[in-house]
Amino acid sequence: MYEIRFHGRGGQGAVMAAQALAEAAVLEGYFAQAFPYFGAERRGAPVRAFARIDKEKIRVKSQVYEPDILVVLDESLLEIDPVGEGLKPSGKAVINTTKMPEEIDLGVEVECGTVDATGIALESIKAPIVNTAILGALARVFDVISLESILNAIMNRFGEKLGHQSGVMNAEAARIAYLRTKIGRCSARRQLAKTKVWLPAWYEIPPGNALPQHAIEGVLIGPGSMVQNYTGTWRTQTPHYTKDKCIRCLRCWFSCPEGCIERMEDDYERWDYRYCKGCGICAQVCPVNAIEMIRGVHEWQ
């Protein structure tokens, strides 16, 4: 059995890529499954998708923890998520980046294919949706499924959903990526941090109710446990607050869905950027344009 794990961000098409790969495998006579794992269902938030391919019927239903193939649709995830965790020493990786394979540090030294999938997507389909380009690179690295089957799966899936011309453009993105993929070996200098996880035993879950709020081995669970997750790294834009323009109406403070705007004693505001996801609602409700959304992850006092 081959197990494949996709790492991407909401909007890049990681789930669609896993589904198209599974369809390509079926076209070649394999059994296959594909399914996603969402964290926060928001564009830009990290997401995972999984695929399994086997000659026999697949009965495993869990997530993929020790993949044979790792696919990373967004290079920035390498800095915030131990994406190489569990990758088998005999495994392979496909990374969307402008770097050479030798410049990539996954924490595991494996055969690695790199491709500028973002550039190819912008060139071919005029949008930074990299899933079909990364599938072309995957066909180059993962020689079990042919490029032809992947192109047919893209035409079936994208053509049926988005129209024939969209299918042609996405298939072309995959074809270009296949040709431009660079093959080498990535490095293993990075120490992979073990992600702290906790799963409740059956006797720890109250029937018909949520878990009570408490901590187990340093991991908060139950209501309020999200304060341990620094969700501010997800944002693609950051609110910049100009105090001199603020009229202290507090609309931003009332409207912030994450509660990351702190109301000061004098009714001016302060942002806790560790949790700000950059939704921009604060800027939209401000009547005097005291809040401006600036592209990128920033922090201001």
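Shown above is the structure to which this text applies.
Residues numbered from 1 in each chain as written. Predicted model: local features only at pLDDT ≥ 70, side-chain atom pairs only at ≥ 80, totals over all residues. Heavy atoms only, no water.

Let us look at the packing of aromatic side chains. Across all of its chains, the model carries five aromatic pairs by this definition. Ring centres of Y273 and W300 lie 6.2 Å apart, and the angle between their planes is 70°; this geometry places the pair in the edge-to-face category. Here W300 lies in the segment after strand 13 (291–295) and Y273 lies in the loop between strand 12 (269–271) and helix 8 (281–285), a separation of 27 residues in the sequence. For Y273, a relative accessible area of 6% corresponds to the buried category. (Phe/Tyr/Trp six-rings, centres within 6.5 Å; stacked < 30°, edge-to-face > 60°. Helix = DSSP H or I, 4+ residues; strand = E, 2+ residues; numbered from the N terminus. Buried < 20%, exposed > 50% of the residue type's maximum accessible area, 1.4 Å probe, protein only.)

Running from amino to carboxyl end, helix 1 (residues 14–27) crosses helix 4 (residues 131–141) at an angle of 45°, the nearest separation of the two axes being 9 Å. Classified by the angle between their axes, helix 1 and helix 4 sit oblique to one another. Crossing handedness for the pair helix 1 and helix 4: right-handed. Residues M16, A17, A20 and L21 of helix 1 touch helix 4, and the partners they reach there are N131, L135 and L138. When the residues that make up the contact of helix 1 with helix 4 are grouped by side-chain class, the tally is six nonpolar, one polar and no charged. (Axes fitted to C-alpha atoms, helices over the stretch in contact; angles between N-to-C directions. Parallel < 35°, antiparallel > 145°, perpendicular 65-115°, else oblique. Left-handed = near helix turned anticlockwise from the far one by under 90°. Contact = heavy atoms within 4.5 Å. Nonpolar A, V, L, I, M, F, W, Y, C, P; charged D, E, K, R; others polar.)

Next up on the list: the pairing of strand 3 (residues 46–54). Among the nine residues that make up strand 3, seven are buried, leaving the element largely enclosed by the rest of the structure. Pairing analysis gives eight bridges linking strand 1 (residues 2–9) to strand 3, with the strands arranged antiparallel. Of the residues in strand 3, the one forming a bridge with H7 is R48. Inspection of the sheet shows strand 2 (residues 31–38) paired to strand 3 by eight bridges, in the antiparallel sense. (Pairing = 2+ DSSP bridges.)

In this structure, S149 sits in helix 5 (residues 147–162). Through-space distance from the C-alpha of S149 to that of E111 is 23 Å; in sequence the pair is 38 residues apart. If near-sequence neighbours (up to four positions away) are discounted, S149 is found in contact with A24, L27 and E28. A polar side-chain atom of S149 sits 3.2 Å from a polar atom in the side chain of S146. (Polar contact = N/O pair within 3.5 Å; in protein donor to acceptor, adjacent residues only side chain to side chain.)

Counting 47 residues, the largest nonpolar core has I4, F6, L21, V71, L138 and I145 as its most contacted members. Elements with a minimum of two residues in this core: strand 1, helix 1, strand 3, strand 4 (69–72), helix 3 (117–124), helix 4, helix 5 and helix 6 (164–180). Ranked by residue count, the leading element in this core is helix 1, at nine residues. Counting 16 residues, the second-largest nonpolar core is a separate cluster that includes C256, C260, A290 and I291. (Core = buried A, V, L, I, M, F, W, Y, C linked by side-chain atoms within 4.5 Å.)

Shape descriptors only; they carry no functional weight alone.
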